[in-house]
Amino acid sequence: MAEHPHAALIRKGYEAFSRGDMDTLRGMMTSDCTQHVPGSHKLSGDFKGVDAVLGYYGQLAAETQGTFRVELLHLFVDGRGHVMSVHRFTAERAGRTVDMAGGIVFRIVGDKITDLDECVEDLTATNGFWA
């Protein structure tokens, strides 16, 4: 069975993120895309515009001294411009570790990502990790 084009786009994005390929990610997002990061910590909030989103990814790497990793587990599509991912992320920071399930709800218009709503398994633990 062929993968839906929106699922293929998001899979490509996860692969680029894992390689640190920001040029590929930039080409997959609209210039005004927004990523919404849950929580009440220094990296939570709304990152508006592709430069801000990619800057957030850089902060993930910097804050974890390059230990932040994500493993894509599942993709779900609705055929109307939404993809929901489920992934596992791990990292080390300031003597703390995180190993948790999470996901992102992506909005796609045409062949570009316009919006990313991030979700985590345990918001309290996530806030503690980034504190």
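Up top you'll find the structure we're talking about.
Residues numbered from 1 in each chain as written. Predicted model: local features only at pLDDT ≥ 70, side-chain atom pairs only at ≥ 80, totals over all residues. Heavy atoms only, no water.

Go over helix H3 (residues 50-63) with me, naming the residues and quoting the values.
Compared with an ideal rise of 1.5 Å per residue, which puts 14 residues at 20 Å, H3 spans 20 Å between its outermost C-alpha atoms and is within 8% of the ideal. Where H3 is concerned, the buried positions are Val 50, Val 53, Leu 54, Tyr 56, Tyr 57 and Leu 60. For H3, the arc enclosing every buried residue in end-on projection is 145°, short of the 170-degree limit, so these residues lie on one face. Residues Asp 51 and Ala 62 are exposed on H3 and point more than 90 degrees away from its buried face. Buried positions along H3 lie against helix H1 (5-19), helix H2 (22-28), strand E1 (29-37), strand E2 (45-48), strand E6 (112-120) and helix H4 (123-130). Positioned one or two residues after H3, Gln 65 has a phi angle of 50°, which is positive. (Helix = DSSP H or I, 4+ residues; strand = E, 2+ residues; numbered from the N terminus. Expected span 1.5 Å × (residues − 1). Buried < 20%, exposed > 50% of the residue type's maximum accessible area, 1.4 Å probe, protein only. Arc of directions from axis to C-beta. Contact = heavy atoms within 4.5 Å.)

Break down the pairing of strand E5 (residues 96-109) for me, with residues and values.
Bridge count for strand E4 (residues 82-93) against E5 is twelve bridges, and the pairing is antiparallel. Bridge pairing in E5 places Ser 85 opposite Ile 104. In textbook terms, the turn of a hairpin is the stretch between consecutive antiparallel strands, and for E4 and E5 this stretch comprises two residues, one of which, Ala 94, has a positive phi near 50°. Two elements, E5 and E6, share eight bridges in a ladder whose sense is antiparallel. Paired with Ile 108 across the bridge in E6 is Ile 113. Between E5 and E6, which pair antiparallel one after the other, the connecting turn spans two residues, and Gly 110 there sits at a positive phi close to 65°. (Pairing = 2+ DSSP bridges.)

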